[in-house]
Amino acid sequence: MSSTSLKHQLQEEIELIPEENLLDVYNFIHYFRLGAEKKITPNKEGILAFAGCWQDMDELSFQEMMRDIGQRRADASLARRANEGSID
């Protein structure tokens, strides 16, 4: 099956999805696409540009940043769980 044909079939299927489920379908497709993009190997220079960027940070700032990162991850996890629960 060609890519164009498959995309056309996907569009037809999406047209048949009830309005109240469209957000769930969008979220699924969006996160699937983001995951596929992450599989692209980043270039070494881009990654190394961040090497040592925290070395001059004082301990208090570092601890605040780590707490903030932890809170953001927890919030994102809760949001994902809420989205997953809405599929039922």
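Shown above is the structure to which this text applies.
These figures come from a predicted structure and were not determined experimentally.

The rules behind these values
- Residues numbered from 1 in each chain as written.
- Predicted model: local features only at pLDDT ≥ 70, side-chain atom pairs only at ≥ 80, totals over all residues.
- Heavy atoms only, no water.
- Helix = DSSP H or I, 4+ residues; strand = E, 2+ residues; numbered from the N terminus.
- Buried < 20%, exposed > 50% of the residue type's maximum accessible area, 1.4 Å probe, protein only.
- Areas by Shrake-Rupley, 256 points an atom, 1.4 Å probe, with all protein chains shown as cover.
- Salt bridge = Lys/Arg side-chain N within 4 Å of Asp/Glu carboxyl O.
- Patch = residues over 30% accessible without salt bridge, like charges linked within 9 Å, V, L, I, M, F, W, Y side chains within 5 Å.

(A) Main features of the overall build of the chain. Broken down by element type, the chain carries 4 helices and 0 strands. In the chain, the succession of α and β elements from N to C terminus is α-α-α-α. Taking all 88 residues of the chain together, the buried fraction comes to 5%. Surface exposure of the chain reaches about 8200 Å², of which carbon and sulfur atoms provide 59%.

(B) Region of the structure containing the pattern of salt bridges. Inspection of every chain in the model, using the stated rule, returns 1 salt bridge. With its nearest N and O atoms 2.9 Å apart, the salt bridge here joins Arg-72 to Asp-68. With Arg-72 and Asp-68 both in helix α4 (residues 59-85), this residue pair falls 4 residues apart, about one helical turn.

(C) A nonpolar patch on the surface, seen in detail. A cluster of nonpolar side chains, contributed by Met-1, Leu-6, Leu-10, Ile-14, Phe-28, Ile-29 and Phe-32, occupies part of the molecular surface with about 770 Å² of accessible area. Looking at the nonpolar patch, the elements with two or more residues in it are α1 (3-15) and α2 (22-38). Structurally, Leu-6 can be placed in helix α1.

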